[in-house]
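Residue-level listing of the chains:
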Amino acid sequence: MFRIGEFAQIAQVSTRQLRFYDQLELLRPEHTDQQSGYRYYAIRQLPRLNAILALKDLGLTLEQIGSLLEEAVSPEALRGMLLLKKTETEQAIQVEKQRLRHIESRIAQIDRQGGSAGYDVVAKSLPSQPILATHHSVAGFEEAGPLVAAVAAAGQAGLRPSSRGNLVVLARNDPDSDRLDLTIGYLLPRARERGLTVDGFTFSPQNLPAIKTAATVVRQGTNPESHAAFGAIGTWIEANGYSITGPSREIFLEPVLKPPGFEKALVEIQFPVAATA
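Here goes a summary of the coordinates provided. Quantities reported herein were computed from a predicted structural model and do not represent experimental measurements.

Thoughts on a nonpolar patch on the surface
On the surface, a nonpolar cluster with roughly 220 Å² of combined accessible area is contributed by Val-218, Leu-253 and Leu-266. Checked against the element boundaries, Leu-266 lands in strand S13 (residues 266–275).

Overview of the pattern of salt bridges
Counted under the stated rule, the structure contains 8 salt bridges. The residue Glu-70 makes a salt bridge to Arg-48 at a minimum N-O spacing of 3.2 Å. A residue pair is termed long-range when its members are at least 10 positions apart, and Glu-70 in the loop between helix H4 (62–69) and helix H5 (75–113) and Arg-48 in helix H3 (residues 46–57) qualify at 22 residues. For Arg-48, a relative accessible area of 28% corresponds to the partly exposed category. A salt bridge links Glu-90 to Lys-86, with the nearest nitrogen and oxygen atoms 2.7 Å apart. Of this pair, Glu-90 and Lys-86 both sit in helix H5, 4 residues apart, roughly one helical turn. Accessibility expressed as a relative area gives 39% for Glu-90, which makes it partly exposed. The class for Lys-86 is partly exposed, based on a relative accessible area of 46%. Within this structure, Asp-22, Glu-25, Arg-28 and Arg-39 form a network of salt bridges that share partners.

Notes on the nonpolar core
Nonpolar side chains in soluble globular proteins tend to end up buried together. Core analysis: the largest hydrophobic core is formed by 26 residues, its most contacted members being Leu-167, Leu-182 and Ile-184. Secondary structure elements with two or more residues in this core: strand S5 (129–138), helix H6 (141–158), strand S6 (167–173), strand S7 (180–187), strand S8 (196–198) and strand S9 (201–208). A total of 6 residues in this core trace back to one element, the largest contributor, which is H6. In this structure Leu-182 touches Thr-134, His-135, His-136, Val-138, Ala-144, Leu-147, Val-169, Leu-170 and Ala-171, once residues within four positions along its chain are discounted. Ranked by size, the runner-up nonpolar core spans 19 residues in total, among them Ile-4, Leu-60, Ile-65 and Leu-68.

Quick word on helix H7 (residues 227–239)
The first and last C-alpha atoms of H7 sit 18 Å apart over 13 residues, in line with the 18 Å expected at 1.5 Å per residue. Among the residues making up H7, those that are buried are Ala-229, Ala-232, Ile-233, Trp-236 and Ile-237. Down the axis of H7, the buried set is contained in an arc of 130°. They therefore lie on one face. Facing away from the buried side of H7 by over 90 degrees, the exposed positions are His-227 and Glu-238. In the segment just after H7, Gly-241 is the residue with positive phi, at about 70°.

Quick notes on unusual backbone geometry
What is expected of a backbone is that most residues other than glycine have negative phi and most peptide bonds are trans. Residue Pro-260 is bonded to the preceding Pro-259 through a cis peptide linkage, with omega at 10°. Considering the arrangement of structural elements, one finds Pro-260 in the loop between strand S12 (248–252) and helix H8 (261–264). Phi is positive for Gln-12, which is not a glycine, with a value near 65°. Secondary-structure assignment places Gln-12 in the loop between helix H1 (4–11) and helix H2 (15–23). Unusually for a residue other than glycine, Asp-199 sits at a positive phi of about 55°. Of note, Asp-199 is situated in the loop between S8 and S9. The exposed category is assigned to Asp-199, whose relative accessible area is 64%.

Brief notes about the sheet that holds strand S3 (residues 39–41)
Taken in spatial order, the 3 strands of this open sheet run S1-S3-S2, and their pairing is antiparallel. Because the sheet does not close on itself, it has two edges, and the strands there are strand S1 (2–3) and strand S2 (31–32). One ladder, built from 2 bridges, connects S1 with S3; its direction is antiparallel. Looking at the pairing, Phe-2 lines up with Tyr-41 of S3.

Thoughts on the environment of Thr-276
Looking at the element boundaries, Thr-276 is found in the segment after S13. Along the sequence, Thr-276 and Ile-244 sit 32 residues apart, while their C-alpha atoms lie 9.6 Å from each other. Each residue touching Thr-276, except ones within four places of it in the same chain, is listed here: Gly-241, Tyr-242 and Ser-243.

Brief notes about the packing of aromatic side chains
This model, assessed by the stated rule, comprises 5 aromatic pairs. Note on Phe-230 and Phe-271: the rings are 6.1 Å apart at their centroids and 90° apart in plane angle, and the pair reads as edge-to-face. Of this pair, Phe-230 sits in helix H7 while Phe-271 sits in strand S13; the two residues are 41 residues apart in sequence, bridging distant segments of the chain. Given a relative accessible area of 29%, Phe-230 falls into the partly exposed group. For the ring pair Trp-236 and Tyr-242, a centre distance of 5.2 Å and an interplane angle of 10° mean the geometry is stacked. Both residues of the pair, Trp-236 and Tyr-242, count as buried. Above the face of the Tyr-38 ring, Arg-3 is positioned so that its terminal group lies 4.1 Å from the ring centre. Taking NZ or CZ as reference, Arg-164 lies 5.8 Å from the ring centre of Tyr-186, over its face.

What counts, and at which threshold
Residues numbered from 1 in each chain as written. Predicted model: local features only at pLDDT ≥ 70, side-chain atom pairs only at ≥ 80, totals over all residues. Heavy atoms only, no water. Patch = residues over 30% accessible without salt bridge, like charges linked within 9 Å, V, L, I, M, F, W, Y side chains within 5 Å. Areas by Shrake-Rupley, 256 points an atom, 1.4 Å probe, with all protein chains shown as cover. Salt bridge = Lys/Arg side-chain N within 4 Å of Asp/Glu carboxyl O. Helix = DSSP H or I, 4+ residues; strand = E, 2+ residues; numbered from the N terminus. Buried < 20%, exposed > 50% of the residue type's maximum accessible area, 1.4 Å probe, protein only. Core = buried A, V, L, I, M, F, W, Y, C linked by side-chain atoms within 4.5 Å. Contact = heavy atoms within 4.5 Å. Expected span 1.5 Å × (residues − 1). Arc of directions from axis to C-beta. Pairing = 2+ DSSP bridges. Phe/Tyr/Trp six-rings, centres within 6.5 Å; stacked < 30°, edge-to-face > 60°. Lys NZ or Arg CZ within 6 Å of the ring centre and 35° of its normal.

Pasting the structure below:
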């Protein structure tokens with residue numbers, strides 16, 4: 001028989017690993033000296049250790065491996081375990097492929113700009129949220145600014161501070177005309193049943209749908225340079241193999257009717273996207 005260090009060298013594993021398998025009763029020493037506590041292993045235990053290592057390499061848990069070695073798992077159950085692990089591995093590969101595209105996109109951005117400055121685009125999931133909003137159609141972005149300011153003021157006048165969250169603007173380009181369809185309102189801390197009419201604006205309760213994947217960026221206010229932030233999202237979407245699946249959203253993260261105001265308040269732009277491949 002071999003002492004634990006010798007057996008570990010033969011098996012090409014660590015003594016710590018063998019001690020751990022002993023604690024879990026996956027691989028008990030052939031003999032343990034009662035006085036010294038030394039563990040001794042027989043060469044015939046090597047196939048069992050190799051089986052543990054092979055199954056572990058397939059991604060099975062040590063608990064699953066223990067059941068398999070004790071023949072407490074049927075071939076059908078083992079096949080099910082491996083199919084599940086196969087699916088998990090495929091999903092992990094897709095995540096890493098997406099991460100690689102993000103890295104390549106950022107490298108390209110640095111190469112274009114000569115540095116790492118600029119807007120950082122972040123992909124994230126967004127939950128469904130209740131909102132109280134009003135709908136309007138405008139000729140273009142020139143009309144949108146004053147309208148958003150007026151709606152924001154009306155909503156603020158009609159809703160207590162505890163009953164409203166951030167100002168939100170959804171924008172849809174009408175494909176059959178040059179007009180811009182806007183949904184403007186406030187996020188709500190909880191859903192409500194009744195609408196609201198203030199200063200000629202009619203707000204109705206509705207639900208902002210959840211987004212599985214949104215390309216987002218934070219910019220400052222409605223300043224003339226804001227197109228750069230939208231451009232950064234567009235570049236990111238194209239470079240990472242996504243397509244836009246719905247209207248863009250702008251969430252004003254700071255007050256717009258008092259300092260810092262529309263020109264300086266932080267705004268998060270959100271575009272729902274989906275992988276094209």
